[in-house]
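Results of the structural survey
Residue-level listing of the chains:
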Amino acid sequence: TLLWLLFISDALGFFFLASWLPTVMKDAGFDLATALSMSSLFVFAGLIGGFAIMRPLDKIGPMAFIVLPIIGGPAELVMGIHGLDHTTMLIAISVAGICLAGIHMAVYAIAVRFYPPSIRGLGVSSATVWGRAGGIIAPFVGGYFLDMHLPMQQLMIWAALPCLTTLLIGVGLGVIYNRHFNAPAVVAAAAE
């Protein structure tokens, strides 16, 4: 269940921003071309996050990825500060993109570790279905908040909340993984 909640939380956080970032940036006072460029930067920066997190995931398991929501959530909050200059906003968007897309890519690598080979396809695809549900809901949630005409700061607080839930779920999964799959006896048996 925690794994499926991780997929939902991840998708809510990632697709909330990926879907509405151009509109949010335009409402924050940036011209349309700049807002669209910022949205592209968010997605492109995510590639860096995906590549950067995979090796630590291999070395220490699911607990490695919790650094991403710890950094990504505050980056989203910085994006909500009124009157940010262009450069600071670009840095905040890049950091948020690295972290949120890094989380989005890491959840698949994490899911694989929890399912034995005999049911891995079924397990990961089931978790993915829950992630897709979060991805479908996220644009509607974002649209609802935009329709409420929330100030940018409040909107970004809502956008950052999935990072908090992702962090909490990630810690829980990391503890479970270390207890059941990373115990010295299990590691020794796998090495034989």
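Higher on the page you've got the structure.
Residues numbered from 1 in each chain as written. Predicted model: local features only at pLDDT ≥ 70, side-chain atom pairs only at ≥ 80, totals over all residues. Heavy atoms only, no water.

Points about the packing of helix 1 (residues 2-27) against helix 4 (residues 86-114)
Following both chains from N to C, one finds helix 1 and helix 4 inclined at 155°, their axes separated by 10 Å at the closest point. If you check the angle between helix 1 and helix 4, you find them roughly antiparallel. Along this stretch, helix 1 crosses helix 4, giving a crossing that reads as left-handed. On helix 4, the residues touching Leu 3, Leu 6, Phe 7, Asp 10, Gly 13, Phe 14, Phe 15, Leu 17, Leu 21 and Met 25 of helix 1 are Met 89, Ile 93, Leu 100, Ala 101, Ile 103, His 104, Val 107, Tyr 108, Ile 110, Ala 111 and Phe 114. Class assignment of the residues belonging to the contact of helix 1 with helix 4 gives a composition of 18 nonpolar, two polar and one charged. (Axes fitted to C-alpha atoms, helices over the stretch in contact; angles between N-to-C directions. Helix = DSSP H or I, 4+ residues; strand = E, 2+ residues; numbered from the N terminus. Parallel < 35°, antiparallel > 145°, perpendicular 65-115°, else oblique. Left-handed = near helix turned anticlockwise from the far one by under 90°. Contact = heavy atoms within 4.5 Å. Nonpolar A, V, L, I, M, F, W, Y, C, P; charged D, E, K, R; others polar.)

Focus on the side chain of Glu 76
Within the element layout of this structure, Glu 76 appears in helix 3 (residues 67-79). Put simply, Glu 76 is tucked away with no salt bridge, and the nearest opposite charge, on Arg 132, sits 17 Å away. With sequence-adjacent residues up to four places away left out, Glu 76 is seen in contact with Leu 17, Ala 96, Leu 100, Met 156, Ala 159, Ala 160 and Cys 163. (Buried < 20%, exposed > 50% of the residue type's maximum accessible area, 1.4 Å probe, protein only. Lys, Arg positive; Asp, Glu negative; His and termini not counted. Salt bridge = Lys/Arg side-chain N within 4 Å of Asp/Glu carboxyl O.)

Focus: the environment of Leu 168
Among the structural elements, Leu 168 can be located in helix 6 (residues 152-180). Among the residues examined, Leu 168 registers a relative accessible area of 56% and is labelled exposed.

Some remarks on the packing of helix 1 against helix 2 (residues 32-60)
For any two helices packed against each other, one specifies the inter-axial angle together with the distance between the axes. At a minimum axis distance of 7 Å, the contact between helix 1 and helix 2 shows a crossing angle of 160°. Regarding the angle of helix 1 to helix 2, the classification is roughly antiparallel. Every pair of crossing elements has a handedness; the one defined by helix 1 and helix 2 is right-handed. Residue-level inspection shows Phe 14, Leu 17, Ala 18, Leu 21, Pro 22, Met 25 and Lys 26 of helix 1 in contact with helix 2, the latter providing Leu 32, Ala 35, Leu 36, Met 38, Ser 39 and Phe 42. Counted by class, the contact of helix 1 with helix 2 contains 11 nonpolar, one polar and one charged residues.

So, helix 4
Here helix 4 spans 42 Å end to end across 29 residues, near enough to the 42 Å set by a 1.5 Å rise per residue. The axis of helix 4 is deflected most strongly, by about 25°, at Ala 106. Put simply, Asp 85 is the residue that caps the front of helix 4, since its side-chain oxygen is 3.2 Å from the backbone nitrogen of Thr 87. (Expected span 1.5 Å × (residues − 1). Bend = angle between axes of the 7 residues up to and from the residue. Polar contact = N/O pair within 3.5 Å; in protein donor to acceptor, adjacent residues only side chain to side chain.)

Comments concerning the pattern of salt bridges
This model, assessed by the stated rule, comprises two salt bridges. Between Asp 58 and Arg 55 there is a salt bridge, and its shortest N-O distance comes to 3.7 Å. Placement of both Asp 58 and Arg 55 in helix 2 is noted, with a separation of three residues, approximately one turn of the helix. The closest approach of N and O atoms between Arg 113 and Asp 58, which form a salt bridge, is 3.9 Å. Here Arg 113 is found in helix 4, whereas its partner Asp 58 is found in helix 2, with 55 residues between them in sequence. Here the salt bridges do not stand alone but share partners, grouping Arg 55, Asp 58 and Arg 113 into one network.

Looking at the environment of Ile 110
If you trace the backbone, Ile 110 turns up in helix 4. Put simply, Ile 110 and Leu 3 are 107 residues apart on the chain and 8.5 Å apart in space, counted from C-alpha to C-alpha. Every residue in contact with Ile 110, bar those within four places of it in the chain, is listed here: Leu 3, Leu 6, Leu 57, Pro 62 and Phe 65.

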